[in-house]
Amino acid sequence: MKTRITAKRKSKRLSNWFLKNKTRILLLSLLYPNIVCFTPDSTGTSSTFIDFMMGLGKYANVSYNCEGQVMSIEKNTFFDYGGSVSHKIDEFKFGLRAGGFSLDDSESNEYGYLYDYYDASNSSFYFNPFIAFDHKYFELNAGALFLTENIYDENINDYFAMDGKTQFTGLLRIGNKEAFHFSSQYLSNVPLLSGGGMFDMGFGFGSKESRNITWLGLSAGPFQNAGLAVKQNIQIADQFDILLKGRIGQIESNLEGSIAVGANYIF
């Protein structure tokens, strides 16, 4: 019991340290490529990737009774934004995702109900340091997500693996990222909500002649039902891409969808 309490305290101290120094960490991550520009050896390769996206969407929370009849429908809209910076040296990659979201749950029907949750918010900033093994035919990415506020939204909290402001993140890719591949992610989309959902899985179709990639799959969270997600990477120049992401689904005739646009820069 004592060991469990000690581990919990250490995790809380680590989370508080990251939250207290979030601005410094973000600035250091953005400036890192200009401070340290090197390759590990004469045959090594090194690249830095920066992207930023903004999006919006809506979802519904539907509750049912024991007979499967609808008891209440709460409709929610959100706006979010996010960015990431990562540096890759051969197959090793590390970086930081960061962003924020704002929820509006004021739209509900006459059967709806209000939540009363202590120290909760409808908006939060987050940052997500991560490391990854990124090979042409395989990628494994893992990190930790730190929220600045407790969020009380049933659709969001249902997809959190743990209670509190700290969550783990992950991404898995199998197959050639320049051609056909499978990938799945958890809390690793940019932006976090409109970038495809809190969890998704699907298949990508790339091109060896360019960085154009089309990805199709299923996503969930904060969307209550699974829906179709689409991600499109369009190469505009040698170092510049346009990013488009969308998602559509429904529950009890209510739209659950999102759209996000942004850009990616490589140097």
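Up top is the structure.
Residues numbered from 1 in each chain as written. Predicted model: local features only at pLDDT ≥ 70, side-chain atom pairs only at ≥ 80, totals over all residues. Heavy atoms only, no water.

### A closer look at the overall build of the protein
In terms of regular secondary structure, the protein is built from three helices and 14 strands. Sorting the 267 residues of the protein into buried and exposed places 42% on the buried side. Here the protein has roughly 14,500 Å² of accessible surface; of this, 60% comes from carbon and sulfur atoms. (Helix = DSSP H or I, 4+ residues; strand = E, 2+ residues; numbered from the N terminus. Buried < 20%, exposed > 50% of the residue type's maximum accessible area, 1.4 Å probe, protein only. Areas by Shrake-Rupley, 256 points an atom, 1.4 Å probe, with all protein chains shown as cover.)

### Description of the environment of leucine 218
Tracing the sequence through the fold places leucine 218 in strand 9 (residues 213-220). For leucine 218, the residues in contact, after removing those within four places along its chain, are Phe199, Asp200, Met201 and Gly227. (Contact = heavy atoms within 4.5 Å.)

### A closer look at the pairing of strand 1 (residues 46-64)
The sheet contact formed by strand 1 and strand 2 (residues 70-89) spans 19 bridges and is antiparallel. Within the sheet, the bridge partner assigned to tyrosine 64 lies in strand 2 and is valine 70. The hairpin turn running from strand 1 into strand 2, its antiparallel successor, is five residues long, and glycine 68 in that turn takes a positive phi close to 85°. Of the strand pairs in this sheet, strand 1 and strand 14 (residues 257-266) are connected by 10 bridges, and their pairing is antiparallel. Looking across to strand 14, one finds that aspartate 51 is bridged to asparagine 264. (Pairing = 2+ DSSP bridges.)

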